[in-house]
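# Descriptive structure summary
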Amino acid sequence: MSHRSLDLSLDVTGRRVLIVGGSRLARRVIARYLAAGAIVFLAADTYEVPHPDVRPVEWPRSPAGWRNLVSAVDLVVAVDLPPKSDPLLVAACADRSVWLTREAAAPVSRPGHVTLVGGGPGDNDLLTVGALNALRGADIVYHDRLGPHDLLDQWAPGAEHVNVGKQPGHHAVPQVEIERMLVASALAGLTVVRLKGGDPFVFGRGGEEVAACRAAGVSVTVISGVTSAISVPALAGIPVTHREVSRLFTVLSGHVPLSEEELAHLVGLGGTIVVLMGVGTLPHLASGLARHGMAADMPIAIIERGFSSQQRTTVADISTVVTVAGEVGARSPAVLVIGEVVRLAQCDDAAAVAELANAATLTGQR
Ligand code: SAH
C-alpha cells in the first residue's frame, strides 16, 4: 500500500508518544518530542543513546504485543523500522485507530560532518531556509554571541547548544579551541553546526574553520548568510550601490588601521566604502581618507546595533564625523558607510524597525 502524508502541527504537550526505532537513529526525534512536552516511550531494539527522560518499553514479539503497545499511547512515531516489524506496527495502529507518523532517522556516519552556517545580522527573518534545515538536523550547535541564537531551542531542538562567544565577564573560547571542538565532535560521529553572525566568510574566520576540518579529514560545507555589510545599511535606507551614484562597494575591516597605501587606493577607487569593526579606528580612517583627497563633505553613516530595537543611525561628513561620533557616544557593533549613497539614508530607525516587523506580520512571517 502506498503511503500518503500531510504535514501537521500538533500540540503534544502531556500526550503519550511512542517512538519506535533504534535509540541512536531516533535520538533527534526523541529530543524534539521531549522538548515539545510529550511523554515519550521508546521501543528500540538497541539502547545505545539512553535518555534520562525517555521511558523504555519492551520490543513486542507478536501482532498482539504490537496492538497492546500502541493502544496505550496517543501517537506512534516510526523511525527507520526493521522491514519485518513495519507492517506489524502499521496493522496494529490501524486496528487500534492510533495515529502513526514517520520521521527521518538521524544519520550515524563516522566521521560526522561540520556545516558552517551564516546566521545573518541578528534578525530571525534573515536566517536562510538552508540554515534552518541544517540546524534542525544538528546534534550539536556551536554559536557566537553576535549571531542569532535566542530561538535555538526552537530551531535545533534535537541538539546540544554550546556558546563559544564572548560573554560579559568571560573570555571567548580561543579560535584554535573552537576548531578543536568542531573537529572532535565530528570525529565522534556527530552532525555539527557552527552558527556564525552574518556570513561565515566575511570577517568570520570561517575560512580557518574550514581549513581545520579539511586538515583533520572531516567533511565540511558552508551555508552563506546575509552579511551585515549590506543588510545593516539597507535597514537604514542606504543601498550600497545606486544607479548613477555608486557602482562599486568595498567592504573592509577596521580592526587594524589601514596603511597609507591602502587609504590612497581607497580614495582613488571611489564608490561606497563599508567598514565593519570600525568604530575604534574611525579617527584614523576619517583623517586618513581626508589626507588622501576625499572631499571634506563626503557623507558617512554610523549604524549601530542594526536590527535591534536600539538601532541608531548617525550621519555626518568626513570632516565632522569624529566629533559627532564622540558626542553621540557611538559604540560597536556598528557598520560604517562612506559615500554619496549615504545621502539616501533614512534616519528614523525606530520607524524602519517597526515597518520591518509590520511587513513580516502582513506576510505571515511572525
Ligand atoms: N560575518 C559578519 C561580520 C563579523 S565581524 C557578517 O557578515 O556580518 C563583526 C562586525 O560586524 C561588527 O563589529 C559590526 O561591524 C558588524 N555587525 C554585525 N552585525 C551587526 C549588527 N546587527 N549591527 C551593526 N553591525 C553589525
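All right, on to the overall build of the chain then. Helices and strands together make up the secondary structure of the chain, namely 12 helices and 15 strands. Here the C-alpha atoms of the chain give a radius of gyration of 26 Å, more than 25% beyond the 21 Å that 2.2 N^0.38 yields for 366 residues. With the principal axes as the frame, the chain shows a C-alpha extent of 85 × 45 × 40 Å. A total of 366 residues make up the chain; the buried ones form 44% of that total. In the chain, the proportion of contacts linking residues at least 24 apart, taken out of those at least 6 apart, comes to 64%. Split by element, the accessible area of the chain, about 18,700 Å² in all, is 55% carbon and sulfur.

Let us now look at the site of the ligand. Within the structure, the ligand sits among 18 residues, and Val-202, Thr-227, Ser-228, Gly-306 and Ala-334 are positioned closest to it. Within the contact set of the ligand, an oxygen atom lies 2.8 Å away from a backbone nitrogen or oxygen of Asp-199. Between the ligand and Thr-227 there is a distance of 2.7 Å, counted from an oxygen atom to a side-chain nitrogen or oxygen. Protein chains bury 91% of the 550 Å² of accessible surface belonging to the ligand in isolation.

Here we take up the sheet that holds strand E15 (residues 334-338). Strand order in the open sheet formed by five strands is E11-E12-E15-E13-E14, with mixed pairing between adjacent strands. If you trace the sheet from one side to the other, it starts and ends with strand E11 (249-253) and strand E14 (312-317), each paired once. Strand after strand, the sheet turns through a mean of 20° between neighbouring axes, direction not considered. Sheet topology places strand E12 (residues 272-276) next to E15; four bridges connect them, and they run antiparallel. Residue pairing in the sheet places Val-274 in a bridge with Val-337 of E15. Helix-sheet contacts for helix H10 (residues 282-291) involve E12, strand E13 (299-304) and E15, and the interaxial angle to E15 is about 5°.

Tracing the sequence through the fold places Glu-179 in helix H6 (residues 175-187). No salt bridge is formed by the buried Glu-179; its nearest oppositely charged neighbour, Arg-205, is found at 5.8 Å. Beyond its immediate stretch of four places on either side in the chain, Glu-179 contacts Glu-208, Glu-209 and Ala-212.

What follows deals with the environment of Thr-128. Relative to the assigned elements, Thr-128 resides in the loop between strand E6 (113-118) and helix H4 (129-136). For Thr-128, a relative accessible area of 27% puts it in the partly exposed group. Along the sequence, Thr-128 and Ile-223 sit 95 residues apart, while their C-alpha atoms lie 8.6 Å from each other. In this structure Thr-128 touches Ile-223 and Ser-224, once residues within four positions along its chain are discounted. A polar atom in the side chain of Thr-128 sits 2.9 Å from the backbone nitrogen of Ala-131.

Here a ring pair, both rings aromatic, is described through the centre-centre distance and the interplanar angle of the planes. Throughout the structure, instances matching the rule amount to one aromatic pair. With a centroid separation of 5.4 Å and an interplanar angle of 80°, the aromatic rings of Trp-59 and Trp-66 are classed as edge-to-face. Across this residue pair, the class does not change: Trp-59 and Trp-66 are buried.

Here we come to the domain arrangement of the chain. Segmentation of the chain into domains returns domain 1 (16-102), domain 2 (113-226) and domain 3 (230-365). Its C-alpha centre places domain 1 at a distance of 55 Å from the equivalent point of domain 3.

Of all six residues in E6, five are buried; the element is thus mostly enclosed. With five bridges connecting them, E6 and strand E10 (residues 219-223) associate as parallel partners. Its bridge partner lying in E10, Val-114 is registered against Val-220.

Buried residues dominate helix H8 (residues 228-235), accounting for six of its eight residues. Restricting attention to buried positions, one finds in H8 the residues Ser-228, Ala-229, Ser-231, Val-232, Pro-233 and Leu-235. Looking one or two places after H8, you find Gly-237, whose phi comes out positive at around 85°.

Another aspect to go through is the environment of Arg-32. As for its placement among the helices and strands, Arg-32 is situated in helix H1 (residues 27-35). Beyond its immediate chain neighbours, meaning those up to four positions away, Arg-32 contacts Glu-103, Pro-157 and Gly-158.

Before going further, it helps to examine the environment of Glu-260. Mapped onto the fold, Glu-260 is located in helix H9 (residues 260-269). Note on Glu-260: relative accessible area 39%, which makes it partly exposed. As a C-alpha pair, Glu-260 and Ile-223 span 37 residues in sequence and 36 Å in three-dimensional space. Here Glu-260 is in contact with Arg-291 and His-292, once residues within four sequence places are set aside. At 2.8 Å, the side chain of Glu-260 forms a polar contact with the side chain of His-292.

A contiguous nonpolar surface patch, about 390 Å² in accessible area, is contributed by Phe-203, Ile-230, Phe-249, Val-251 and Met-277. Checked against the element boundaries, Phe-249 lands in strand E11. By relative accessible area, which is 35% here, Phe-249 ends up partly exposed.

Here is what the cut-offs are and how they apply
- Residues numbered from 1 in each chain as written.
- Predicted model: local features only at pLDDT ≥ 70, side-chain atom pairs only at ≥ 80, totals over all residues.
- Heavy atoms only, no water.
- Helix = DSSP H or I, 4+ residues; strand = E, 2+ residues; numbered from the N terminus.
- Rg over C-alpha atoms; globule rule 2.2 N^0.38 Å.
- Buried < 20%, exposed > 50% of the residue type's maximum accessible area, 1.4 Å probe, protein only.
- Contact = heavy atoms within 4.5 Å.
- Areas by Shrake-Rupley, 256 points an atom, 1.4 Å probe, with all protein chains shown as cover.
- Near = heavy atom within 4 Å.
- Polar contact = N/O pair within 3.5 Å; in protein donor to acceptor, adjacent residues only side chain to side chain.
- Pairing = 2+ DSSP bridges.
- Axes fitted to C-alpha atoms, helices over the stretch in contact; angles between N-to-C directions.
- Lys, Arg positive; Asp, Glu negative; His and termini not counted.
- Salt bridge = Lys/Arg side-chain N within 4 Å of Asp/Glu carboxyl O.
- Phe/Tyr/Trp six-rings, centres within 6.5 Å; stacked < 30°, edge-to-face > 60°.
- Domains from an automatic or database assignment.
- Patch = residues over 30% accessible without salt bridge, like charges linked within 9 Å, V, L, I, M, F, W, Y side chains within 5 Å.

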